[in-house]
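Examination of the molecular architecture
Read off the chains here:
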Amino acid sequence: MAMSAPAFFERMKAQLGGEYEAYLGTRHLPPFRGARLNPLKCDQRTLAESLPFPLAPSVFSPYSYYVGSQEKFGMLPAHHAGMFYSQEPSAASAATVLDPQPGEQILDLCASPGGKATQIAGLMMGRGLVWANEMVKSRTGQLLSNLERLGVVNAIISCCHPQQLCSQLQGWFDRVLVDAPCSGEGLFRRNPEAIKQWSPQAVAACASRQLAILDSAVLAVREGGVLVYSTCTFSQEENEGVVKRFLKKHPDFQAEEIPVNFGRPDLQGGLARRIYPMDGGEGHFVARFRRIGKNQCRVDPFRKYFVGDHARAGRQLYAELFSDPVPREMYLDEDCLTLLPPGELPDFTPLNVLRAGVELAHLRPKRLEPSHGLFMSRPYTACRQYLNFSHNSPELAAFLRGEEIDCREKGYVAVCVNGVTVGHGKASGGRLKNHYPKGLRNLK
C-alpha cells in the first residue's frame, strides 16, 4: 500500500464511522459500469436492440443504466452512432440536479470529456443553448468528438479561462454547472494506482482551485438562475468545506434542497447530496445554489452571420442531402462552413470558440465537401439517401473499419445502424467510397 494510502483511509474511517467496514467491502467489488442513452439519437428500445448485453435502470438519471458486461464499448456500432455515452451511472447525478429545461441557456464550465454536456444537450432536445467550456487545450479534442458523435446541434465549445469566459458572458445563463477538478477519491476503486498521488496538500490545493472557479462562475448566472457544484471526491474540505466558504463569500446565493431519491445528505446537515459506493455509485458530491441577488446582463448579441456565396452553396448542398428545412444561419471559420445553433446567440468572437453549432462542409477547390458531423446530427428520416444495417451486419462492420461497401445509389449516402446515422460515404459505380473519419475507425 502506498505511503499516502494510510492517511486517506484514516480520513475515510473518521468520516464514515460505522459504515467504514461496508466501504472497505466495496473495494473488493468490480467498479460500476454504465451507459447513458442519448435521446437525441434513439429511444431505449432501439438502444437495447443494438447492444449485445442487457441494461439495468439506474436511479441517477432516467437515461442511465448499469451494464455488467466488460466488453469494449468503443468498437460497438451503437457507440459509433452516438446512441449512448459510456458513463458510470452516478456520474449523471450532477446534470440531473442541474435540471436543464428546453429553451434555456446552460453553461458547463469544466466540460471535458463531455459526459455532462451531452447529458444536458439530451435533456434540452435541441432547444436552447449548451455552452461547453474546457480550459485545458489538450482535453478539448475529446469534448469536440463526443458532442459531434452524439449529434448535438445547439452547442458552443470553447477553450477559455473561467474568469475570462464568465466576465464576457455576465448574467447570460439560466443555469451553470461547475463539475470541478478534484482529488478524485471517488475514482480510486476504478483506478487503484491513483491513490498514490493523493495527499492532504493536494486536497487543499484542489479546494482552493474549486472556490476560485466558483468565484468566476457566479458572474455568468442570471438573477434567479441556478448554479450547481459537483465533484467526484469524498473529501470534506473539497465538498462541504467549499460550499461553506462559497456561501459566506457570496450572500447573493443560497443553497437549495435537491429533490432526488439517490445518495444521502451531506456530512454537515446541509442540503447537498453525497454518493458512496454503498449507494450504487463510485463517489460523487453535488450541491445546488440559487442566485437571489441581481446580476445585470452585459452581453452583446452575435451579428457576424455569414451570407456570402459559400453560404448559398451550403444551403444548396444541404437541400440536396436532406429533406428537412434548410437552416439559415451560418458562420465561416477558416475553411469550414458551420451551421450555427438556432436562436439568439451571444457575441462569441472575443472568446476562444473552437466550434459553434455543427460543421456543414469544408471548403475544397471549386466545391463543398459535407462534414461527418453534419450527417451525425441528422436522423435517417431526413436523409435523401441512406443505407440501413443491423448492428451485427458484416457490411456495417466493414464500413466502420473504413472499407468500401456495395451501394446502388449515386452521390452522398448516409450509413445507419438500426435507423440511427453513423456516418456517410459517396457512391458511384455500385460502390460506396468511405468517408468515415480515419481516427474513429475500428482497427479490426
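This is a predicted model, so every value here is computed, not measured.

1. Comments concerning the nonpolar core
Grouped together as the largest cluster of nonpolar side chains are 41 residues, with contacts concentrated most on Trp-131, Val-178 and Leu-227. For Leu-227, the residues in contact, after removing those within four places along its chain, are Val-176, Val-178, Leu-214, Ala-217, Val-218, Val-221, Phe-246, Phe-253, Ala-287, Arg-288 and Phe-289. Counting 31 residues, the second-largest nonpolar core is a separate cluster that includes Cys-42, Met-83, Val-415 and Val-422.

2. A closer look at the pattern of salt bridges
Across all of its chains, the model carries 22 salt bridges by this definition. Glu-282 is the partner of Arg-189 in a salt bridge, and the nearest nitrogen-oxygen pair spans 2.7 Å. Note that Arg-189 is positioned in the loop between β8 (173–179) and α9 (200–217) and Glu-282 in the loop between β12 (273–275) and β13 (284–291), a separation of 93 residues in sequence. Judged by relative accessible area, which is 2%, Glu-282 ranks as buried.

3. Regarding the environment of Glu-237
Structurally, the position occupied by Glu-237 is in the loop between β9 (221–231) and α10 (240–249). Once residues within four sequence positions are removed from consideration, Glu-237 is found in contact with Arg-11, Val-203, Ala-204, Ala-207 and Val-242.

4. Considering the pairing of strand β18 (residues 367–370)
Walk down a regular strand and you will see the side chains alternate between the two sheet faces. Burial along β18 is one-sided: the residues Leu-368 and Pro-370 are buried and none of Arg-367 and Glu-369 is. Bridge analysis of strand β17 (residues 358–364) against β18 gives four bridges, and the strand direction is antiparallel. When the sheet's bridge partners are listed, Arg-364 is paired in β18 with Arg-367.

5. Regarding the packing of α9 against α10
Packed helix pairs are specified by the crossing angle of their axes together with the interaxial distance, meaning the distance between the axes. The interhelical angle for the contact between α9 and α10, taken along N-to-C directions, is 35°, at an axis separation of 10 Å. The two elements α9 and α10 cross, and the hand of that crossing is right-handed. Packed against α9, whose contacting residues are Ala-207, Gln-210, Leu-211, Leu-214 and Asp-215, the element α10 presents Val-242, Arg-245, Phe-246 and Lys-249 at the interface. Partitioning the contact of α9 with α10 into residue classes produces five nonpolar, one polar and three charged.

About the cut-offs
Residues numbered from 1 in each chain as written. Predicted model: local features only at pLDDT ≥ 70, side-chain atom pairs only at ≥ 80, totals over all residues. Heavy atoms only, no water. Core = buried A, V, L, I, M, F, W, Y, C linked by side-chain atoms within 4.5 Å. Buried < 20%, exposed > 50% of the residue type's maximum accessible area, 1.4 Å probe, protein only. Contact = heavy atoms within 4.5 Å. Salt bridge = Lys/Arg side-chain N within 4 Å of Asp/Glu carboxyl O. Helix = DSSP H or I, 4+ residues; strand = E, 2+ residues; numbered from the N terminus. Pairing = 2+ DSSP bridges. Axes fitted to C-alpha atoms, helices over the stretch in contact; angles between N-to-C directions. Left-handed = near helix turned anticlockwise from the far one by under 90°. Nonpolar A, V, L, I, M, F, W, Y, C, P; charged D, E, K, R; others polar.

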